[in-house]
Structure formats: structure tokens, C-alpha cells
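Here are the chains, one letter per residue:
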Amino acid sequence: MVESKQAQLDRVRTDILEKNICSELAAQATNLVMGDGNLNADIVLIGEAPGKNEDEQGLPFVGAAGKFLNEMLAAANMVRSDVYITNIVKYRPPNNRDPLPEEKKAFWPYLLKQLQIIQPKVVITLGRHSMEYFLPDMKISQVHGQPKRIHFGEGRLVVIPLYHPAAALYNGAMRQTLIDDFLQVPRIIEKL
Ligand code: URA
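Residues numbered from 1 in each chain as written. Predicted model: local features only at pLDDT ≥ 70, side-chain atom pairs only at ≥ 80, totals over all residues. Heavy atoms only, no water.

## A closer look at the nonpolar core
As a reminder, the rule being used: Nonpolar cores are built from buried Ala, Val, Leu, Ile, Met, Phe, Trp, Tyr and Cys residues. Side-chain atoms within 4.5 Å join them into one set. With a 1.4 Å probe rolled over the protein chains alone, any residue whose accessible area is under 20% of its type maximum counts as buried; one over 50% counts as exposed, and the rest are partly exposed. A contact between two residues is defined here by any heavy atoms of the two lying within 4.5 Å.
By size, the foremost hydrophobic cluster in this structure holds 62 residues, and its most contacted members are Ile16, Ile124, Phe134 and Phe182. Setting aside its immediate chain neighbours within four residues, Phe134 contacts Ile46, Trp108, Leu111, Leu115, Val123, Thr125, Ile150, Leu157 and Val159.

Here it is in C-alpha cells:
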């Protein structure tokens, strides 16, 4: 019998817990925040790491940045259940500091497993922390909103780098850029 996507993702979660990935972060966190949304989505959005609200609720993007993410989705006539949302680092870094390179490296194989299970058409990276692994050496200010085809496992994957919603929260121009970039996504998918 083919194992369901949910069962496969549950195994990824168990693996992270059993291998004690990023034990220092884990010791301070309330929840391991794996991701949320539609397991058959065409689009997977990847943020940086959980914040305080996300850690408390065990769900990604449920605080202020998440509220703006919901607005971006609404602008494109989408809701959260149309997409899958996760982060590169799955425990909250203390005091919301940036995730460390070794933390991103430790969680990267698990993010790849999530993508192999969900099989989206497009990955949207939110901010430079998740972009740098998919599109090394690119500058977000130069490539935001532009679809990039990359090799992924046996096949290929389209990655669209966007700014992080938190960076745009208090910056009107960036807010508009982020919404404009996101509005292009359905058109990019149609053309694939
Ligand atoms: N910022 C992120 O990058 N991820 C979250 O889940 C919340 C805020």
C-alpha cells in the first residue's frame, strides 16, 4: 500500500525528534513547527524559522508576518489551504535571532524530504535564509519575483525568491513589491 503524504510527513517529524536535530534550539522551544496547509499544493512557501506565536501554536506564520502573508494570498485570490507553508529551520531561535548556518544546514535535508513528499510545482522562498540554499550566490534585491529553474533530485523545480513578509511589514514600498511579485505566481505556474 502506498503510504499517505501525511504519514510520510509524520515520519519526517519523528525522525527530527529521534535524531535530536538542533537539540539546543529544541530545549528552548515549545513546539517543533513542521508546516501547515495543503499536501497536494502546487506552491510551497518557505520562511526562515518560527517566531514566538508560531512556537506557541506549533504552526508557521501565525503572527504579524503571517497576517501579511494572508493578505498576499488574498490579493492573488488564494487562501492558506491552497498552499503549503513551512520554514527552513523548524524550532524558534531564542529571541528571534537569525538562524545560524549550522541550524539551516541541519534542517535542510528534512526540508528536501518535505518537498519530495509534497511535490509542488513551485517553491517560493521568503527572505534570504531560505533562498540561499536553493539559489546560492544570488542577491534577493536583484532576483526577487523571478522564477528560476533548478535541478532537484532526479528532476527540476521552479523556485521564486520573494522578500520576507516581516521585512515588508513596516515598509510600504517593499510591501507593494512583495504583493506585486506574488501576484505573478499564478501566471508563472500556468506557463510551466
Ligand atoms: N517568520 C518566518 O520566517 N516563519 C514563521 O513561521 C513566522 C515568521
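What follows continues from the structure just given.
## Quick look at the side chain of Lys90
This is how it is decided: Here a strand is any run of E in DSSP of at least two residues, a helix any run of H or I of at least four, and the numbering for each starts at the N terminus. The charge count treats Lys and Arg as positive and Asp and Glu as negative. His and the chain ends do not count. One side-chain nitrogen of Lys or Arg within 4 Å of one carboxyl oxygen of Asp or Glu is enough to make a salt bridge. A 3.5 Å cut-off defines polar contacts: any pair of N or O atoms within that distance qualifies, except that in protein one atom must be a possible hydrogen donor and the other a possible acceptor, and neighbouring residues in sequence count only when both atoms are side-chain atoms.
With respect to the helices and strands, Lys90 occurs in the loop between β3 (84-87) and α5 (101-118). One buried charged side chain, Lys90, makes no salt bridge at all; its nearest oppositely charged neighbour is Asp15, positioned 12 Å away. At a separation of 3.4 Å, a polar atom in the side chain of Lys90 contacts the side chain of Thr86. Only 2.5 Å separates the side chain of Lys90 from the backbone oxygen of Asn87, close enough to count as a polar contact. Apart from the residues within four sequence positions on either side, Lys90 is in contact with Ile16, Asn31, Leu32, Val33, Met34, Pro50, Phe107, Leu111 and Gln114.

## With respect to the pairing of strand β2 (residues 43-47)
This is how the line gets drawn: Following DSSP output, two strands are said to pair if at least two bridges run between them.
With 5 of 5 residues buried, β2 is to be regarded as a mostly interior element. Because side chains alternate across β2, one face comprises the buried residues Ile43, Leu45 and Gly47, and the other comprises Val44 and Ile46, equally buried. Strand direction decides the pairing type here: β2 and strand β4 (residues 122-126), joined by 4 bridges, are parallel. By the bridge assignment for β4, Ile43 is matched with Val122. Judged from the 4 bridges that link them, β2 and β3 form a sheet pairing that is parallel. Across the sheet, residue Ile46 finds its bridge partner in β3, namely Thr86.

## Some details on the site of the ligand
What counts here: Put simply, a residue is near a molecule or strand once any heavy atom of it comes within 4 Å of that molecule or strand. The accessible surface values rely on the Shrake-Rupley method and a 1.4 Å probe; as for residues, cover is taken only from the protein chains in view. Each residue gets one label: Ala, Val, Leu, Ile, Met, Phe, Trp, Tyr, Cys and Pro are nonpolar, Asp, Glu, Lys and Arg are charged, and the others, such as Gly, are polar.
The immediate surroundings of the ligand are formed by Gly47, Glu48, Ala49, Glu54, Pro60, Phe61, Asn87 and His164. Here Phe61 contributes a backbone N or O atom positioned 2.9 Å from an oxygen atom of the ligand. Protein burial of the ligand: of its 240 Å² of free accessible surface, 91% is covered by the chains. Counted by class, the shell around the ligand contains 3 nonpolar, 3 polar and 2 charged residues.

## A few points about the packing of helix α1 (residues 5-18) against α5
Basically, it comes down to this: Axes here mean lines fitted to C-alpha atoms, for a helix over just the part in contact, with angles spanning 0 to 180 degrees between N-to-C directions. These descriptions rest on fixed angle ranges, namely under 35 degrees for roughly parallel, over 145 for roughly antiparallel, 65 to 115 for roughly perpendicular, and the rest for oblique.
For the pair α1 and α5, the least separation of the axes is 10 Å and the interaxial angle reads 175°. In terms of orientation, α1 lies roughly antiparallel with respect to α5. Within the contact between the two elements, α1 uses Lys5, Gln8, Leu9, Val12, Asp15 and Ile16 and α5 uses Phe107, Tyr110, Lys113, Gln114, Ile117 and Ile118. In the contact of α1 with α5, the residues fall into 7 nonpolar, 2 polar and 3 charged.

## Quick notes on the side chain of Glu54
Positionally, Glu54 belongs in helix α3 (residues 52-57). Of the side chains with opposite charge, Arg92 lies nearest to the buried Glu54, which makes no salt bridge, at 7.1 Å. Among the polar contacts listed, one links the side chain of Glu54 to the backbone nitrogen of Val62, at a separation of 2.9 Å. Discounting residues that sit within four places of it in the chain, Glu54 has contacts with Val33, Leu59, Pro60, Phe61, Val62 and Gly63.

## Here we look at the pattern of salt bridges
What the rule picks out here adds up to 9 salt bridges. Salt-bridge contacts for Asp15 lead to Lys113; the nearest nitrogen and oxygen are separated by 3.3 Å. Taken as a pair, Asp15 in helix α1 and Lys113 in helix α5 lie far apart in primary sequence, 98 residues in all. Note on Lys113: relative accessible area 32%, which makes it partly exposed.

## A look at α5
Side chains three or four residues apart in an α-helix point the same way, a direct result of the helix having 3.6 residues per turn. Selection criterion: For a helix, the expected span equals 1.5 Å multiplied by the number of residues minus one. Bend is the name given here to the angle between axes fitted to two runs of seven residues, the run ending at a residue and the run starting at it.
Here α5 contains 18 residues, and its C-alpha end-to-end distance of 25 Å stays within 8% of the 26 Å for a straight helix at 1.5 Å per residue. For α5, the principal kink sits at Trp108 and spans about 35°; a proline, Pro109, occurs within the next four residues. By the burial criterion, the buried members of α5 are Glu103, Lys104, Phe107, Trp108, Tyr110, Leu111, Leu112, Gln114, Leu115, Ile117 and Ile118. Gln119 sits one or two positions beyond α5 and adopts a positive phi of about 55°.

By themselves, these are just geometric observations and shouldn't be taken as functional.
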